[in-house]
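Residue-level structure breakdown
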Amino acid sequence: MAAEPAQVYYGGQAVIEGVMIRGPEHMAVAVRHPNGHIITHSERLSGIYTGRSRRIPLLRGVVVLWETLALGMRALNFSSRIAFEEEDDDGEPVEFPEKAFLGTMLLALIFVVAVFFAAPILLAHLLERWDVARAWVVLAEGVVRLGLFVGYIAAIGLLPDIRRVFQYHGAEHMTIHAYEAGRPLTVAEVRRFPKEHQRCGTSFLLVVVLVALVTFFVFDLLVDEGLLVRVASRIVLIPVVAGVSYEILRLGARYRENGLVRALFAPNIALQALTTKVPDDSQVEVAIAAFEATLEAAGPGRGAPAP
C-alpha cells in the first residue's frame, strides 16, 4: 500500500506480539496469533481522546498521559487474549470487564508514584540527617529518580519476552517513519528507517523525569514544610510536570531539524537504544497491519491537524 504524506501525527505502543497505532480519531491493534496469522481490531475514539482538551496547551499533556495508560491497557488486554488464545465458546476473544482495566491502571499509577516519586524522596531525606545542604538533597532525589528510571528499563529489557515487545516497539517507529516520509508501507521500505523516533513515549517519560527534577528543586527551595508536604507535592505536581513536559516534546518535534534542538534531545534518542530493538520481518508486518487498519478505519481523506 502506498502511503500519502502524513497530515497528522500518528503514535502507538508495542504490546504482546503486536502493535497499537493511534490516529486522530481511531486506534487499531494488530497481533500475531500463535497460528501465524495477524488479527486486527480497530475502533473509533471519542470523549477525552478526541475532545477540545487535547488542543489546550499544558492540559493536553495530562490528557496524553492518561490516554497512554488507558489505550495502552486496552490494547495490551486485547493482545494478551490473542497471544494466549483466550477465547469464548464461539471462538471470539474473551472480553475483560472495564472495572478490571481501571483497577489495573490504578495499581500501575500507585506503583509509579511509589517507586519513581515517593521512594527517591525518602532516600534523599536520609541525607538531611547528615546536615547536607537542602539543594543537594533535592538534587540527589532527582538523580536517584533518573537512575531508577533508566535502571528499570535496562533491567526489564534483559527479559526475552520484554525484548520481543521492544522489537515491536522498533517496528512501530519504523512504520511511522515510513508513513511520514510518504513511502509505501512494505517491509522493504519500512526497514530503511531507524527504530528510534523523536515522539516516542520513552522520550516523553525522560522529559517528565528531567522536568520533575527542576520543578521539585524550585518547589523545595521555596517551600520547606517537612517530609509529608514534600511527598504530597510530588503527587499534586504530576499534572503540571506532565503538561510542561508534553509542550517541550512538541517543540522538539516541530523544530527537530534545528541542530541545537537535535543536540538537546540526543539523550531521548540514546535512551531508545534500551526500549527499541531491531525487529524481524514478521514483526514489521504486524506494525504495518496495525497502521493500515488505523488508516482504513479513518476512511479516505480523513484526518485533522495534530493536537
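Higher on the page you've got the structure.
Source: prediction; values computed, not measured.

1. Here's the deal with the pattern of salt bridges
- Counted under the stated rule, the structure contains 14 salt bridges.
- Arg 191 serves as the salt-bridge partner of Asp 281, at 2.6 Å between the closest nitrogen and oxygen. Here the residue Asp 281 occupies a position in helix α11 (residues 281–298), and Arg 191 occupies one in the loop between α5 (187–190) and α6 (201–222), the gap between them amounting to 90 residues.
- Linking Asp 220 and Arg 230 is a salt bridge whose minimum nitrogen-to-oxygen distance equals 3.7 Å. One end of the pair, Asp 220, is in helix α6; the other, Arg 230, is in helix α7 (residues 227–236), and 10 residues separate them in sequence. A single burial state applies to Asp 220 and to Arg 230, both of which are buried.
- Among the charged side chains, a network of salt bridges with common partners joins Glu 141, Arg 145, Asp 220, Arg 230 and Arg 234.

2. Brief notes about the side chain of His 197
- Examined against the element boundaries, His 197 turns out to sit in the loop between α5 and α6.
- Non-local contacts of His 197, meaning those with residues more than four positions away in its chain, are made with His 173, Ile 176, His 177, Glu 180, Ser 203, Ile 269 and Gln 272.

3. A look at the environment of Arg 192
- With respect to the helices and strands, the residue Arg 192 is situated in the loop between α5 and α6.
- Considered as a pair, Arg 192 and Met 174 are 18 residues apart in the sequence and their alpha carbons are 8.0 Å apart.

4. Some thoughts on the sheet that holds strand β4 (residues 38–44)
- Taken together, 4 strands build an open sheet; the order of strands is β1-β2-β3-β4 and the sheet is antiparallel. With partners counted over all chains shown, the strands left at the sheet margins are β1 (11–15) and β4, one partner each. Geometrically, the sheet is characterised by an average inter-axis angle of 15 degrees between neighbouring strands, direction not taken into account.
- Note that strand β2 (residues 18–22) and strand β3 (residues 26–32) share 5 bridges and pair antiparallel. Bridge pairing in β3 places Ile 21 opposite Ala 28.
- Sheet strands touched by helix α1 (residues 59–83): β1, β2, β3 and β4. Its angle to β3, the strand with the most contacts, is close to 30 degrees.
- The strands touched by helix α4 (residues 160–180) within the sheet are β1, β2 and β3, with β1 carrying the most contacts at an inclination of about 155 degrees.

So, how was this worked out
Residues numbered from 1 in each chain as written. Predicted model: local features only at pLDDT ≥ 70, side-chain atom pairs only at ≥ 80, totals over all residues. Heavy atoms only, no water. Salt bridge = Lys/Arg side-chain N within 4 Å of Asp/Glu carboxyl O. Helix = DSSP H or I, 4+ residues; strand = E, 2+ residues; numbered from the N terminus. Buried < 20%, exposed > 50% of the residue type's maximum accessible area, 1.4 Å probe, protein only. Contact = heavy atoms within 4.5 Å. Pairing = 2+ DSSP bridges. Axes fitted to C-alpha atoms, helices over the stretch in contact; angles between N-to-C directions.

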